[in-house]
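A structural walkthrough
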Amino acid sequence: MVNTDALLHPRTLNTARLRLEPLGLRHLEHVMQTLEHQEFMRLTGTHVHYTRFEVQRLLSTLPRRNDRADWAIVRRSDGEYVGEVVLNELDVFNHSMNFRILLATPDLVGQGYGTEATNAAVQYGFQVVGLHRIRLGV
Ligand SMILES: CC(C)(COP(=O)(O)OP(=O)(O)OC[C@H]1O[C@@H](n2cnc3c(N)ncnc32)[C@H](O)[C@@H]1OP(=O)(O)O)[C@@H](O)C(=O)NCCC(=O)NCCS
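Below is a short write-up of the structure. None of these values were measured; they are calculated from a predicted model.

So, how was this worked out
Residues numbered from 1 in each chain as written. Predicted model: local features only at pLDDT ≥ 70, side-chain atom pairs only at ≥ 80, totals over all residues. Heavy atoms only, no water. Buried < 20%, exposed > 50% of the residue type's maximum accessible area, 1.4 Å probe, protein only. Helix = DSSP H or I, 4+ residues; strand = E, 2+ residues; numbered from the N terminus. Near = heavy atom within 4 Å. Polar contact = N/O pair within 3.5 Å; in protein donor to acceptor, adjacent residues only side chain to side chain. Nonpolar A, V, L, I, M, F, W, Y, C, P; charged D, E, K, R; others polar. Salt bridge = Lys/Arg side-chain N within 4 Å of Asp/Glu carboxyl O.

**Observations concerning unusual backbone geometry**
Positive phi, close to 50 degrees, is recorded for glutamate 89, a residue that is not glycine. Judged by its relative accessible area of 47%, glutamate 89 is partly exposed. Even without being glycine, histidine 95 reaches a positive phi, approximately 50 degrees. Here histidine 95 lies in the loop between β4 (81-91) and β5 (96-103).

Next up, the structure:
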């Protein structure tokens, strides 16, 4: 069975350099800044323009969602917001979810943060949520 409680209350995950903490309203400014990078929006296939109000509404609903788990990626050494990662699109019958990741700024790319955060989120999906499959669309 899929552990939907683990999606409703995602744990904070620690890696060597990063902390993945449940994404919420307190990350609003960081998320808005991330959306400003056109090349990142192209790479994630994001073609709609999200208003501040829409992002605020999404972030405020996350603590009640048991069909997805969103984390803010924070660098442990200085508390810098590094990006966001999500397990979403739960298919409860097939124990399957989708995975997405987005770093905050282009200068953070290529330092292994993506690999580190991905490993933590995927491991959580398989070992704690009880998924059989995690897929990625780019
Ligand atoms: C994709 C992303 C999360 C990778 O994180 P990262 O910290 O830059 O990646 P890492 O440093 O851990 O490197 C992982 C590998 O991915 C490769 N890589 C990173 N971005 C890439 C890109 N746009 N195209 C091709 N390869 C890429 C790196 O070269 C590296 O390859 P290697 O292991 O063979 O050296 C990050 O670059 C990002 O947020 N990009 C913009 C948004 C995006 O594309 N998200 C994915 C869509 S869901």
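**Overview of the site of the ligand**
If you check the shell around the ligand, you find 14 residues, and the closest are Leu103, Gly110, Gly112, Gly114 and Thr115. A distance of 2.7 Å separates an oxygen atom of the ligand from a polar atom in the backbone of glycine 114. When residues of the shell around the ligand are traced back to their parent elements, those giving at least two are α3 (38-43), β5 and α5 (113-129). Class assignment for the residues of the shell around the ligand results in eight nonpolar, six polar and no charged.

**Details of the environment of aspartate 5**
When you line up the elements, aspartate 5 lands in helix α1 (residues 5-8). For aspartate 5, a relative accessible area of 52% puts it in the exposed group. Spatially, the C-alpha atoms of aspartate 5 and glycine 130 are 11 Å apart, while their sequence positions differ by 125 residues.

**Quick word on the pattern of salt bridges**
On inspection of all chains with the given rule, the structure shows nine salt bridges. For glutamate 39, the salt bridge is made with arginine 42, and the minimal N-O distance between the two is 2.9 Å. Here the residue glutamate 39 and the residue arginine 42 both occupy positions in helix α3, the gap between them amounting to three residues, near one helical turn. A salt bridge links arginine 75 to aspartate 78, with the nearest nitrogen and oxygen atoms 2.9 Å apart. A relative accessible area of 18% places arginine 75 in the buried class. Through salt bridges with shared partners, a single ionic network connects Arg19, Glu21 and Arg26.

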